[in-house]
Amino acid sequence: MAFELANVAHIAVLMIMLPCFVRTTCPNIISRQEWNAAAPSSSKSLRENPPSYVVVHHSVTRMCNTTEDCKLLMKSIQNTHMNTNGWEDIGYNFLIGNDGNIYEGRGWGIHGAHAISYNARSLGICLIGNFEEYPPSESQLQALRELIACSLEENKLIEDYNLIGHNQESATLCPGKYLYNEIKTWSHFNNNPK
Ligand SMILES: *[C@@H]1O[C@H](CO)[C@@H](O)[C@H](O)[C@H]1NC(C)=O
Ligand SMILES: [Zn+2]
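The chain is annotated in an unreviewed UniProt entry as Peptidoglycan-recognition protein of Exocentrus adspersus. UniProt annotates the chain under Function (unreviewed entry) with the comment "Peptidoglycan-recognition protein probably involved in innate immunity by binding to peptidoglycans (PGN) of bacteria and activating the prophenoloxidase (proPO) cascade immune response. Binds to 1,3-beta-D-glucan and PGN." Quoted verbatim from the Sequence similarities (unreviewed entry) field of the UniProt record, the comment on the chain reads "Belongs to the N-acetylmuramoyl-L-alanine amidase 2 family."

Once that is clear, we can look at the overall build of the chain. Secondary structure assignment for the chain yields 4 helices and 6 strands. Across the chain, helices and strands are ordered from the amino to the carboxyl terminus as α-β-β-α-β-β-β-α-β-α. Put simply, the chain has 194 residues, and 46% of those count as buried. In the chain, 73% of the contacts between residues at least 6 apart in sequence involve partners at least 24 apart. As displayed, the chain has an accessible area near 10,000 Å², and 55% of this comes from carbon and sulfur atoms.

So, on to the sheet that holds strand β3 (residues 94–96). Strand order in the open sheet made by the 6 strands is β1-β4-β3-β5-β2-β6, with mixed pairing throughout. Looking at strand neighbours, the two that pair on one side only are β1 (29–30) and β6 (162–165), the edges of this open sheet. Where helix α2 (residues 67–84) meets the sheet, it contacts β1, β3 and β4 (102–104), and its direction lies at approximately 35° from that of β4. Sheet strands touched by helix α3 (residues 138–153): β1, β2 (53–58), β3, β4, β5 (122–127) and β6. Its angle to β5, the strand with the most contacts, is close to 165°.

With distances of 2.1 to 2.2 Å, the protein atoms coordinating the zinc ion (ligand 2) are His57 (ND1), His166 (ND1) and Cys174 (SG). Counting residues between consecutive donors of the zinc ion (ligand 2) along the chain gives the motif H-x108-H-x7-C. Here His57 is found in strand β2, whereas its partner His166 is found in the loop between β6 and α4 (177–183), with 109 residues between them in sequence. Accessibility expressed as a relative area gives 1% for His57, which makes it buried.

Before going further, it helps to examine α2. For α2, built from 18 residues, the straight-helix expectation of 26 Å at 1.5 Å per residue is met to within 8% by its first-to-last C-alpha distance of 25 Å. Tucked into the core, α2 has its buried residues touching β3 and β4. Positive backbone phi, at 75°, marks Gly86, one or two positions downstream of α2.

What follows covers the state of the cysteines. Applying the stated rule across the entire model yields 2 disulfides. Covalently, Cys26 is tied to Cys150 through a disulfide, its sulfur atoms 2.1 Å apart. On the sign convention where negative is left-handed, the bridge of Cys26 and Cys150, at about 95° about the S-S bond, is right-handed. Note that Cys26 is positioned in the loop between α1 (2–22) and β1 and Cys150 in helix α3, a separation of 124 residues in sequence. According to the relative accessible area criterion, Cys26 is partly exposed, its value standing at 30%. Each bonded cysteine in the chain gets a number by its place in the sequence, and the pairs come out as 1-4, 2-3. Cys126 takes part in no disulfide bond, and the closest cysteine sulfur, belonging to Cys174, lies 6.8 Å away.

Reading guide: rules and limits
Residues numbered from 1 in each chain as written. Chains lettered and ligands numbered in written order. Predicted model: local features only at pLDDT ≥ 70, side-chain atom pairs only at ≥ 80, totals over all residues. Heavy atoms only, no water. UniProt positions renumbered as here; feature names shortened; annotations may be inferred. Helix = DSSP H or I, 4+ residues; strand = E, 2+ residues; numbered from the N terminus. Buried < 20%, exposed > 50% of the residue type's maximum accessible area, 1.4 Å probe, protein only. Contact = heavy atoms within 4.5 Å. Areas by Shrake-Rupley, 256 points an atom, 1.4 Å probe, with all protein chains shown as cover. Pairing = 2+ DSSP bridges. Axes fitted to C-alpha atoms, helices over the stretch in contact; angles between N-to-C directions. Donors = N, O, S within 2.8 Å, 3.2 Å for Na, K, Ca; no water. Expected span 1.5 Å × (residues − 1). Disulfide = S-S within 2.5 Å.

Rendered as structure tokens:
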């Protein structure tokens, strides 16, 4: 009898813990501290949080294939955004290197500087490279899928979110024709964003 009760207790503990093990969608994200980010000069929260849009961009820089090189490139992009553009921080919420890693930009819940009419209500995600010239790698696309899945799981994006390219917001080639043609085939892509 005591043995059976112990088993019941054991199973109950397992069932309580199971959701922790099932939550495996969130990939590793290289933090600002890890890429040695400068502190933002200011920051504010999204107006709509969780946001309803994911806006996809490319960086129009060289690509980076190693984590060491991607960290340097993150610093360089942040420098350009803060010191040349005069923005308060790197423009995007997250960036993704050709090393397959996700890099924290402004992070979740923070108002971005990447697509004027969506900055207050979107997650701005930039794939590092120039996808007008060549296609994104499968590892970059996989990281993008995982980041979206993780955002949903963590309640950082509404379930019924819209996926769009920067070019749908303004006259730009961003995120490049190869990346744009790719995301056009994904679920949640919105051909007619509001
Ligand atoms: C980076 O990887 C791409 C393939 O994804 C390759 O074409 C390119 O030459 C690599 N660049 C460097 C500097 O290794
Ligand atoms: Zn863009």
